[in-house]
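Take a look at the letters that make up each chain.
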Amino acid sequence: MIDETYKLWDLIGTWLTGLSTLAAVIVSLLLSIRGRLNLKISAGIKQIITPGIDDVPSYCCVEVVNAGISPANVTSIAWQVGFFSRCRVRVQIFNNVNSHRLPAYIQEGEIARFMLPIQRNNLDDWIVRFSKELLEEYSKLSIRLTMKVCVYTSVGEVFRVKVDKGLIEEIIKNFSK
């Protein structure tokens, strides 16, 4: 009788040890997934409205929100256009006073905005130069289908997001200037 009770408790202990090990593995996997960077990115045309000023300037704005629990360090931002071997990536420099500086350290829940002024009807404008110099080798359809903004981080992760339609249409509109 004592021998059978001992075997039963030994069996229960073995099962509890196995279940505890499984639970520890599941928890560690969940924690490793939660610890990854989670950036929400958008790229489009924004306007800054200032009370008392009639001029409403337009900007190409790339917004990066840290939706994860780990801080993120954005090291560079680039534009990507094209398929496969015709894919080109162009790094963008932001030196506007309304823009964050790169590299940008973003804590949990914070946002960083990177802005380029758009001055319509100005041939030296960023969007006119961007359309002419960087995108003239692609068709309008290719630009509409493949244009993305890329956000590079210090840990080697790259986040690619499709550009808003409004910005793509503005680039295509300035394509022939």
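For the structure itself, consult the block above.
These notes cover the structure that comes with them.

Rules used in this analysis
Residues numbered from 1 in each chain as written. Predicted model: local features only at pLDDT ≥ 70, side-chain atom pairs only at ≥ 80, totals over all residues. Heavy atoms only, no water. Helix = DSSP H or I, 4+ residues; strand = E, 2+ residues; numbered from the N terminus. Rg over C-alpha atoms; globule rule 2.2 N^0.38 Å. Buried < 20%, exposed > 50% of the residue type's maximum accessible area, 1.4 Å probe, protein only. Contact = heavy atoms within 4.5 Å. Areas by Shrake-Rupley, 256 points an atom, 1.4 Å probe, with all protein chains shown as cover. Pairing = 2+ DSSP bridges. Axes fitted to C-alpha atoms, helices over the stretch in contact; angles between N-to-C directions. Patch = residues over 30% accessible without salt bridge, like charges linked within 9 Å, V, L, I, M, F, W, Y side chains within 5 Å. Salt bridge = Lys/Arg side-chain N within 4 Å of Asp/Glu carboxyl O. Core = buried A, V, L, I, M, F, W, Y, C linked by side-chain atoms within 4.5 Å.

Bringing the overall build of the protein chain into the picture now. A count of helices and strands for the protein chain gives four helices and eight strands. When the helices and strands of the protein chain are listed from N to C terminus, the series reads α-β-β-β-β-β-β-α-α-β-β-α. For 177 residues, the compact-globule formula gives about 16 Å, and the C-alpha radius of gyration of the protein chain, at 25 Å, lies well above that figure. Seen along its three principal axes, the alpha-carbon backbone of the protein chain occupies a region of about 95 × 45 × 25 Å. Split into buried and exposed, the 177 residues of the protein chain put 34% on the buried side. Contacts spanning at least 24 positions in sequence make up 63% of the contacts within the protein chain whose residues lie at least 6 apart. Counting only carbon and sulfur atoms, one obtains 59% of the accessible surface of the protein chain, whose full area is about 11,300 Å².

In this section: the sheet that holds strand β6 (residues 111–118). Read from one edge of the open sheet, three strands run β1-β2-β6, paired in antiparallel fashion. Each end of this open sheet is capped by a strand with a single partner; those strands are β1 (39–47) and β6. Strand-to-strand twist in this sheet, taken as the mean axis angle between neighbours without regard to direction, amounts to 15°. By the bridge criterion, eight bridges tie strand β2 (residues 58–66) to β6 in an arrangement that is antiparallel. Bridge assignment links serine 58 to a residue of β6, and that residue is isoleucine 118. Packing against the sheet, helix α4 (residues 165–173) makes contact with β1 and β2, and its axis sits at approximately 50° to β1.

Turning our attention to a nonpolar patch on the surface. Side chains of Leu11, Trp15, Leu19, Leu22, Ile26 and Leu30 sit close together on the surface and give an oily, nonpolar patch of about 640 Å² of accessible area. Turning to its location among the elements, leucine 22 is positioned in helix α1 (residues 2–34). In this structure leucine 22 comes out as partly exposed when scored by relative accessible area, which is 48%.

As a further point, take the side chain of serine 58. Among the secondary structure elements, serine 58 is positioned in strand β2. A relative accessible area of 4% means that serine 58 is categorised as buried.

Right, let's talk about the nonpolar core for a bit. In summary, soluble globular proteins display a tendency toward joint burial of nonpolar side chains. Among the nonpolar cores identified, the biggest contains 34 residues, and Val62, Val64, Trp79 and Met147 are the most heavily contacted of them. Elements represented by at least two residues in this core include exactly β1, β2, β3 (72–81), β5 (104–106), β6, α2 (126–135), β7 (148–153) and α4. With five residues, β3 is the single largest residue contributor to this core. Ignoring sequence-local partners within four residues, the contact set of methionine 147 consists of Trp79, Gln80, Val81, Phe130, Ser142, Lys162, Val163, Ile168 and Ile171.

With respect to the helices and strands, alanine 23 occurs in helix α1. With 128 residues separating them in the primary sequence, alanine 23 and valine 151 have C-alpha atoms 36 Å apart.

The next point concerns the pattern of salt bridges. Tallied over the full model, the rule gives three salt bridges. Between arginine 113 and glutamate 63 there is a salt bridge, with its nearest N and O atoms 2.9 Å apart. Taken together, the positions of arginine 113 in strand β6 and glutamate 63 in strand β2 put the pair 50 residues apart, joining distant regions of the chain. Using a relative accessible area of 35% as the deciding quantity, one classes arginine 113 as partly exposed.

Looking now at the environment of glutamate 157. Relative to the helices and strands, glutamate 157 is located in the loop between β7 and β8 (158–162). In this structure the C-alpha to C-alpha distance between glutamate 157 and valine 74, which are 83 residues apart in sequence, comes to 9.7 Å. Beyond its immediate chain neighbours, meaning those up to four positions away, glutamate 157 contacts Arg36, Leu37, Val151 and Tyr152.

What follows is about the pairing of β7. Counting buried positions along β7 yields five of six residues, so the element is predominantly enclosed. Alignment of β3 against β7, held across six bridges, turns out to be antiparallel. Its bridge partner lying in β7, tryptophan 79 is registered against valine 149. Here five bridges tie β7 to β8, and the two strands are oriented antiparallel to one another. Paired with lysine 148 across the strands is lysine 162, a residue of β8. Hairpin remark: β7 followed by β8, antiparallel, with four residues in the connecting loop; positive phi at glycine 156, about 90°.

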